[in-house]
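# Per-entry structural report
Below, each chain spelled out in residue letters.
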Amino acid sequence: MKTTLLKKIWLSPPHMGGNEETYVKEAFDTNWIAPLGPNVQQFENAIEDFVGNDIHAACLSSGTGAIHLGLEILGVGQGDEVICQSFTFAASANPITYLGASPVFVDSEEETWNISPGLLEEAIKDRMSKGIKPKAIVAVHLYGMPYKADEIHAIARKYEIPVIEDSAEALGSSYRGFNCGSLGNIGILSFNGNKIITTSGGGALLCKDKKIKEKAIFLATQARDNEPHYQHSSIGYNYRMSNVLAGIGRGQMEVLEDRVEARRHNFEFYKEHLSSIPEISFLDEPEGSFSNRWLTCILTPSFEVREKIRTTLEHENIESRPLWKPMHLQPVFEKNVSFVNGVSKDLFERGLCLPSGSSLETDDLERISEIIKNLLK
Ligand SMILES: *Cc1c(COP(=O)(O)O)cnc(C)c1O
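Below or above, wherever it landed, is the structure these notes cover. Keep in mind the model is a prediction, meaning the values are calculated, not measured.

## Digging into the pattern of salt bridges
Tallied over the full model, the rule gives 22 salt bridges. Between Glu 307 and Arg 306 there is a salt bridge; the shortest N-O distance is 2.7 Å. Residues Glu 307 and Arg 306 agree in their burial class; the two are buried.

So, in structure tokens, the structure goes:
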């Protein structure tokens, strides 16, 4: 006997707004296919207008590439150390190693799940006492929740260490009225397929200093000197965004606010329907923080309960995902220095991301909530 599967529900699928095809067609009609062109300019303008705070945006081929260029522009190189939030996706840390530098991992606090100010200062003091001053700090607004920017940036200023603000998951989030991406010395965004808006693949580097944007574009387009022939005085990359993909980005920017609203609605729905279950808890926004609620995360009492929910959803053709596995627990980083308090390990073991796409329908949200409720009854 064949069982019919219920409709697949993805964790965070792309959600087009409608005008993306118009802008992509424009690129085709005008033959602006390779590689730069007016869509890139327009997409950058739209990002700059949205983020505000006098920000300049350089569109790139990925968020990972944006972090790589950001670190290089901040002067990170061979043998350096860079402090990195441990509780994050690997792309926050990997680019540090591309430059021959080593990430030093710092654990999280419980109010935002992001880099702990206390541990950050401890880490800086420890490394400095050993004669190694960290070259930069990579702080992350994980799942769209802003990190404690006032405290983190005060420490960064005190020790004069620049901050890369990883806003890959936080476009549309804000902290004390300022949009995420505009808080650090350099901010980065991602437009990967699972992010709040997508160009199928892409990213951006954000900065207040126009010269940094120019430097990023220079490095992202093979670092060509200003000569009629091809001359190079430094090593470059091929990291610029294509004009075709920027067309998708233009369309997506038009619906960004709707996407934030939909994701926040998902969170509210789950909270309303599941918070009566004593085993399940949610992360609230601290005063002054506004989260785009990129992914709705729940905390369960144990690894076993988390796995029970995850596998039951899987059998029902519903995708969910454990919270990010901290970098200090990753085999590839097991020899790296880390400053740990147990918070991110515990979140990883007990936490689960529920389907959070902006195209989820009420029926889907009800179906997911009912399954979890029945399971824990
Ligand atoms: C997605 C993501 C990145 C990398 O972005 P890509 O565009 O996929 O390269 C970096 N940091 C975090 C926290 C992310 O979630």
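## Considering the pairing of strand S4 (residues 136-140)
Among the five residues of S4, five are classified as buried, and the element is accordingly described as predominantly covered. Along S4, one buried face is formed by Ala 136, Val 138 and Val 140 and the opposite face, lined by Ile 137 and Ala 139, is buried too. In this structure, strand S2 (residues 81-85) lies alongside S4, joined through three bridges in parallel fashion. Note that in S4 the partner of Val 82 across the bridge is Ala 136. As judged from the four bridges shared by S4 and strand S5 (residues 163-166), these two strands associate in the parallel manner. Its bridge partner lying in S5, Ala 139 is registered against Glu 165. In this view, the connection linking S4 to its parallel neighbour S5 by way of helix H6 (residues 149-158) has right-handed handedness.

## Section: the environment of Arg 293
Relative to the helices and strands, Arg 293 is located in the loop between strand S10 (289-290) and strand S11 (296-299). Considered as a pair, Arg 293 and Thr 88 are 205 residues apart in the sequence and their alpha carbons are 16 Å apart. Among all residues touching Arg 293, those that are not within four sequence positions of it are Tyr 143, Met 145, Arg 263, Arg 264, Phe 267, Leu 283, Asp 284 and Glu 285. Among the polar contacts made by the side chain of Arg 293, one reaches the main-chain carbonyl oxygen of Leu 283 at a distance of 2.8 Å.

Rules used throughout
- Chains are numbered independently. Their residues run from 1 in the order of the written sequence.
- Given that this is a predicted model, residues contribute local features only at a pLDDT of at least 70 and side-chain atom pairs are listed and counted only at 80 or more, while totals for whole chains, interfaces and linings are drawn from all residues.
- Remark: hydrogens and water are excluded; side-chain values derive from all non-hydrogen atoms of the structure.
- Salt-bridge detection follows one rule: a side-chain nitrogen of Lys or Arg within 4 Å of a carboxyl oxygen of Asp or Glu.
- Between buried and exposed lies partly exposed: a residue is buried under 20% and exposed over 50% of the maximum accessible area for its type, with that area taken using a 1.4 Å probe on protein chains only.
- Only runs of H or I of at least four residues qualify as helices and only runs of E of at least two qualify as strands under DSSP, and these elements are numbered from the N terminus.
- A pair of strands counts as paired when DSSP detects no fewer than two bridges linking them.
- A clockwise path from the first strand over the helix to the second, with the strands pointing away from the viewer, defines a right-handed crossover.
- By definition in these notes, contact holds between two residues if any of their heavy atoms fall within 4.5 Å.
- Polar contacts, as counted here, are pairs of nitrogen or oxygen atoms within 3.5 Å of one another; within protein the pair requires one atom able to donate a hydrogen and one able to accept it, and residues that are adjacent in sequence qualify only if both atoms are side-chain atoms.

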